[in-house]
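Each chain is listed here by its residues.
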Amino acid sequence: VAGKSVSLSDFRGKWVIVNYWATWCPPCLEEIPDLVSLYEENRDTVVVIGVNYEEVNQDYLAEFVESHMMSYPVVRSEPVPVPALGPVLGLPTTYLNSPQGERMARQEGPVTRKPIESYLERKQQELAAAQGS
């Protein structure tokens, strides 16, 4: 929204949650507070990137992001058949990438903080165990 380009490689070393959403999507709006709190409380290990997946005016989007206190990076993407991360068959759709940049999970439909944190904790333990052996 600030006019800067964002690349997933900018966030290597952190878990990256990429959330495709739209301003008109009620389930998308419901998950924003959980994504904000997850991001705010885990900035050193987790980044959330909100991908606005609709054709909307830049000023409207900036006001929307501000009014919903979306502190994580929000970028724009024209709805395309298959974005770089994979298909977006409905909104919201969320992808989760490991700190090494590997796509680990995809969720169609709303996400909440607790299951994301549980998933991250489990995967971090699995990665630590794999590195230890």
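Read on for an overview of the structure. The numbering scheme is per chain: residues are counted from 1 as the chain's sequence reads. Reporting of local features is limited, given that this is a predicted model, to residues whose pLDDT is at least 70; pairs of side-chain atoms are given and counted only at 80 or more, and all residues count toward the totals for whole chains, interfaces and linings. Computation of side-chain values: all heavy atoms of the structure, hydrogens and water removed.

Focus: the side chain of E31
1) Next: Numbering of helices and strands runs from the N terminus, with a helix taken as a DSSP run of H or I at least four residues long and a strand as a DSSP run of E at least two residues long. Within the secondary structure, E31 is located in helix α1 (residues 26–41).
2) Next: Within 3.5 Å is the distance limit for a polar contact, defined as a pair of N or O atoms, with the added protein rule that one can donate a hydrogen and the other accept it, and that residues adjacent in sequence qualify only through two side-chain atoms. At 2.8 Å, the side chain of E31 and the backbone nitrogen of V111 are in polar contact.
3) Next: Any pair of residues with heavy atoms lying within 4.5 Å of one another is described as a contacting pair. Excluding residues that lie within four positions of it along the chain, E31 makes contacts with N19, P92, G109, P110 and V111.

Quick notes on the layout of surface pockets
1) Next: A cavity, in this analysis, means grid points on a 1 Å lattice covering only the protein atoms where a 1.4 Å probe fits yet has no way out; a pocket is instead an open set bounded by protein on both sides within 12 Å along at least five of seven lines, and a residue lines either one if it has an atom within 4 Å of a point. Grid points are joined across faces, edges and corners, and a volume is the space filled by probe spheres set on the points. Size it by volume and the largest pocket reaches roughly 260 Å³.
2) Next: Together, 14 residues line the largest pocket, and V6, V18, Y20, V51 and V75 are the ones closest to its centre.
3) Next: Of all the secondary-structure elements, those providing two or more residues to the lining of the largest pocket are β1 (15–21), β2 (46–52) and β3 (74–76).
4) Next: Residues are grouped as follows: Ala, Val, Leu, Ile, Met, Phe, Trp, Tyr, Cys and Pro are nonpolar; Asp, Glu, Lys and Arg are charged; all remaining types, including Gly, are polar. Residues that form the lining of the largest pocket fall into these classes: 10 nonpolar, 3 polar and 1 charged.

Notes on the state of the cysteines
1) Next: Throughout, a disulfide means two cysteine sulfur atoms within 2.5 Å of one another. Tallied over the entire structure, the rule returns 1 disulfide.
2) Next: A disulfide bridge connects C25 with C28, and the sulfur atoms are separated by 2.3 Å. Taking the sign of the S-S torsion, 75° for the link of C25 and C28, the bridge is right-handed. Note on accessibility: C25 and C28 belong to one class, buried. Classification of residues uses two cut-offs on accessible area relative to the type maximum, computed with a 1.4 Å probe and protein chains only: under 20% is buried, over 50% is exposed, and between them is partly exposed.

Regarding the pattern of salt bridges
1) Next: Here, a salt bridge means any side-chain nitrogen of Lys or Arg that lies within 4 Å of a carboxyl oxygen of Asp or Glu. On inspection of all chains with the given rule, the structure shows 5 salt bridges.
2) Next: In this structure, E108 and R106 form a salt bridge, with 2.2 Å as the shortest nitrogen-oxygen distance.
3) Next: The exposure class assigned to E108 is partly exposed, which follows from its relative accessible area of 37%.
4) Next: With a closest N to O distance of 2.8 Å, E117 and R113 form a salt bridge. Of this pair, E117 and R113 are both found in helix α3 (residues 113–132), 4 residues apart, which corresponds to roughly one turn of the helix.
5) Next: Assessed through its relative accessible area of 22%, E117 is described here as partly exposed.
6) Next: Shared partners join several salt bridges into a network, and the residues in it are E41, R113 and E117.

As for the nonpolar core
1) Next: Take the buried Ala, Val, Leu, Ile, Met, Phe, Trp, Tyr and Cys residues and link them wherever side-chain atoms come within 4.5 Å; each set so joined is a nonpolar core. Grouped together as the largest cluster of nonpolar side chains are 37 residues, with contacts concentrated most on I17, Y20, M70, Y72 and I116.
2) Next: Counting only elements with at least two residues in this core, the list comes to β1, α1, β2, α2 (58–67), β3, β4 (93–97) and α3.
3) Next: Each residue touching I116, except ones within four places of it in the same chain, is listed here: I17, L35, L38, L96 and V111.

By themselves, these figures tell us nothing about what the structure is for.
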